[in-house]
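Coordinate analysis (summary)
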Amino acid sequence: MKGLFKTMNLFDSIQDTAFDVVTTTFGVLAKWIPKGGGEEKTAKVLYKDPTESQQIGNTDYDAPGYTMEYKKGDFEGLKERADDGILDTVSIEQRDGSFISFLIQNVKLKYDGRTMVAILHMK
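Residues numbered from 1 in each chain as written. Predicted model: local features only at pLDDT ≥ 70, side-chain atom pairs only at ≥ 80, totals over all residues. Heavy atoms only, no water.

Points about the sheet that holds strand β1 (residues 28-32)
- Taken in spatial order, the six strands line up as β1-β2-β5-β8-β7-β6 and close into a barrel, and their pairing is antiparallel. Pairwise comparison of adjacent strand axes, ignoring direction, gives a mean angle of 45 degrees for this sheet.
- Sheet topology note: the strand β6 (residues 89-93)/strand β7 (residues 99-109) ladder contains five bridges and is antiparallel. Looking at the pairing, Ile 92 lines up with Ile 100 of β7. (Pairing = 2+ DSSP bridges. Helix = DSSP H or I, 4+ residues; strand = E, 2+ residues; numbered from the N terminus. Axes fitted to C-alpha atoms, helices over the stretch in contact; angles between N-to-C directions.)

Put into structure tokens, the structure is as follows:
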């Protein structure tokens, strides 16, 4: 037996460090209070606020493109609540210091198994 503590492999350690550097540099503060009550949770997230339409062929398509990415472990329980159909609200800090609120439509786990992507709908 190698010990009682689980050690992180090199890739996971590099991934955590890279995610932390990116969110520290480019991330914004997000706040979530579970609907129906609970403690406010905050985390730095990567927020995507698209300003251009997507195109399918020669036709513009306005896909719901507001998303936030966060590290698994932040906002613990949010994915499960979204999976259960609970429409929680998250508030994301804007460049001017104000906050804008969104409904959480869906939360997906990215291919790496450690990054969460929340699909947002403007309130």
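Once you've had a look at it, read on.
Regarding the nonpolar core
- Formed by 17 residues in total, the largest nonpolar core has its most connected members in Met 68, Tyr 70, Phe 75, Val 90 and Ile 104.
- Of all the secondary structure elements, the ones that give two or more residues to this core are β1, β2 (41-48), β5 (67-75), α2 (78-83), β6, β7 and β8 (115-122). (Core = buried A, V, L, I, M, F, W, Y, C linked by side-chain atoms within 4.5 Å. Buried < 20%, exposed > 50% of the residue type's maximum accessible area, 1.4 Å probe, protein only.)

Looking at the pairing of β5
- Here β2 runs beside β5; their pairing, made up of three bridges, is antiparallel. Bridge pairing in β5 links Lys 48 to Thr 67.
- Note that β5 and β8 share five bridges and pair antiparallel. Pairing of Glu 69 across the sheet is with Val 117, part of β8.

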